[in-house]
Amino acid sequence: MNCHLPQELLVSIRFCYLCRATLPEDDEAWVRPCRCVGPTTWIHQSCGRQMVQRFETLYPTKRPRCRFCRTRYIIVPKKGPIVRVMEKIILKLKSIVDIELIAAYPIIEAIATTCGCLTLSYIYGYEEAKQLLMECNPVEAASTCALIGYGLWYISDITWEDWLLRALRRCSRVPFLKGVFPREFPDSLARSRKRMWSICSAIAGGALLPVYSRIIGTLMFSSVESPANQLLLGGTSFLAVKGILKMYYAQKTYVRQNSLSIENYR
C-alpha cells in the first residue's frame, strides 16, 4: 500500500476493516491474520469468526484467505479428517443430483410407484406381491404403491437427529454432565445448519431405502424369519447409522464454528 507513515506505526494502529471500529483495546479481541500492512492489518476476532462462518457456509471444502494479499488464514481448531471427507462427498453428490427439475411430478410419481412395488416384493416375495397387485383395481394398486414410496421418502427425510442433538446439548447445562453430553454454546454465533440434502437427493435416499434395508436385514438379521421384520430391522439400523453420522458432523461443525479463532500470520 502507498502510505507515507512508517510501517511500524501502520501495524500498531488497530482498525478493523470489516466493521470499521477501533475499539476495544484488549489485545485478545484483535488479530493480525495476514501479511497486509496498513488499514487492513487488523480485524476483530469476532468479526473474523463471522467472516469465516459465512465463507465456510458457501464454500465448505475451501480454506478462506485474505482478499487483498491472498494469504490463507490460520484457523483453529482445524476440521477433522472425517468432517472433511463427509463435506467432499456431500458436495460431490449435490453436484451430481442437483439438476433443474423439468416435468418433475410424473417422474417423481413413477419413482414413488416403483419404490412401493419394490418394497412390497421384498416383504411378500415377487410372486405374492404381483398377485396382490393384480387383484386390485389398477388405480388403487398404483396409488397404494405411490403412497408407500412417499411414506418411505418422508421417513428417510425426517431430521430426528437434529432434535436429538439439541436435546443432548441442553443436557450439558447440568454441571456434572458437561463432559458426558455434546457441548453447547449459549451465545452461539453459528447459524442454523442448512439442509445437507436437496429434494433430488431426498427422493433418491427414500427410493433406495428398501434396497439398503434389504441388504442390511439380510446381512445382520438373517436369523429373523419374517421378511417384513427383517426389512424393518434393516431399515431402522440404516437410518440410525445415518443419523449418528449426521449428528457427528453437525456437532463437530457447531463446536468448531463457535470456538474457532484466526491466528496471527507467521
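Residues numbered from 1 in each chain as written. Predicted model: local features only at pLDDT ≥ 70, side-chain atom pairs only at ≥ 80, totals over all residues. Heavy atoms only, no water.

I would appreciate a short explanation of the overall build of the protein chain in the present structure.
The secondary structure content of the protein chain amounts to nine helices and four strands. In the protein chain, the order of α-helices and β-strands from amino to carboxyl end is α-β-β-α-β-α-α-α-α-α-α-α-β. The proportion of buried residues among the 266 residues of the protein chain is 35%. Considering only contacts within the protein chain whose residues lie at least 6 apart along the sequence, 68% involve residues at least 24 apart. As displayed, the protein chain offers around 17,100 Å² of accessible surface, 62% of which is attributable to carbon and sulfur atoms. (Helix = DSSP H or I, 4+ residues; strand = E, 2+ residues; numbered from the N terminus. Buried < 20%, exposed > 50% of the residue type's maximum accessible area, 1.4 Å probe, protein only. Contact = heavy atoms within 4.5 Å. Areas by Shrake-Rupley, 256 points an atom, 1.4 Å probe, with all protein chains shown as cover.)

Help me understand the side chain of threonine 71, please; the structure alone is not making it clear to me.
Mapped onto the elements, threonine 71 comes out in the loop between helix H2 (45-58) and strand E3 (75-76). Given the relative accessible area of 6%, threonine 71 is considered buried. For threonine 71, the side chain forms a polar contact with the side chain of arginine 35, separated by 2.9 Å. Excluding residues within four positions of it along the chain, threonine 71 makes contact with Cys34, Arg35, Arg65, Cys66 and Tyr265. (Polar contact = N/O pair within 3.5 Å; in protein donor to acceptor, adjacent residues only side chain to side chain.)

Mind showing me how you'd approach helix H6 (residues 138-157) here?
Every α-helix winds through 3.6 residues per turn, so residues three or four apart in the chain are directed the same way. Under the 1.5 Å per step criterion, the end-to-end length of H6 is 29 Å for 20 residues, consistent within 8% with the ideal 28 Å. Residues of H6 that are buried: Ala141, Cys145, Ala146, Gly149, Leu152, Trp153 and Ser156. For H6, the arc enclosing every buried residue in end-on projection is 125 degrees, short of the 170-degree limit, so these residues lie on one face. Residues Val139, Glu140, Leu147 and Tyr154 are exposed on H6 and point more than 90 degrees away from its buried face. Where H6 begins, one side-chain oxygen reaches toward the backbone nitrogen of valine 139, 2.9 Å away; that side chain belongs to asparagine 137. (Expected span 1.5 Å × (residues − 1). Arc of directions from axis to C-beta.)

What should I look at first to understand a positive patch on the surface in this one?
Positive charge collects at one region of the surface, where Arg63, Arg70, Arg72, Lys78, Arg84 and Lys88 lie side by side. On the secondary structure map, arginine 72 appears in the loop between H2 and E3. (Patch = residues over 30% accessible without salt bridge, like charges linked within 9 Å, V, L, I, M, F, W, Y side chains within 5 Å. Salt bridge = Lys/Arg side-chain N within 4 Å of Asp/Glu carboxyl O. Lys, Arg positive; Asp, Glu negative; His and termini not counted. Charge placed at Lys NZ, Arg CZ, Asp CG, Glu CD.)

Looking at this model, I keep getting lost on the nonpolar core. Mind explaining?
The nonpolar side chains of a soluble globular protein tend to be buried, and buried together. Ranked by internal contacts, the top residues of the largest apolar core, which has 17 residues, are Ile43, Tyr73 and Ile262. Contributing elements (two or more residues each) for this core: strand E1 (30-31) and H2. For this core, the leading source of residues is H2, giving three residues. Leave out the neighbours within four places in its chain, and isoleucine 262 touches Val31, Pro33, Ile43, Gln45, Gly48, Met51, Val52, Tyr73 and Ile74. (Core = buried A, V, L, I, M, F, W, Y, C linked by side-chain atoms within 4.5 Å.)

I keep staring at the packing of aromatic side chains and nothing clicks. Help me out?
Given two aromatic rings, their pairing is described by the distance between the two centres and the angle made by the two planes. Within this structure, the stated rule accounts for three aromatic pairs. Aromatic pair tyrosine 17 and phenylalanine 68: ring centres 5.6 Å apart, planes at 75 degrees, arrangement edge-to-face. Taken together, the positions of tyrosine 17 in the loop between helix H1 (7-12) and E1 and phenylalanine 68 in the loop between H2 and E3 put the pair 51 residues apart, joining distant regions of the chain. Residue classification places tyrosine 17 among the buried residues on the basis of a relative accessible area of 6%. Overall, phenylalanine 68 belongs to the partly exposed group, its relative accessible area being 45%. Where tyrosine 212 meets phenylalanine 238, the ring centres are 4.6 Å apart and the plane angle is 35 degrees; that geometry is what we call tilted. Separated by 26 residues along the polypeptide, tyrosine 212 in helix H8 (residues 199-220) and phenylalanine 238 in helix H9 (residues 227-259) bring together distant segments of the chain. For arginine 14, the ring lying beneath its charged end belongs to tryptophan 42, and the centroid distance is 4.6 Å. Geometry around tyrosine 254 places arginine 169 over its ring, the cationic atom sitting 3.7 Å from the centre. (Phe/Tyr/Trp six-rings, centres within 6.5 Å; stacked < 30°, edge-to-face > 60°. Lys NZ or Arg CZ within 6 Å of the ring centre and 35° of its normal.)

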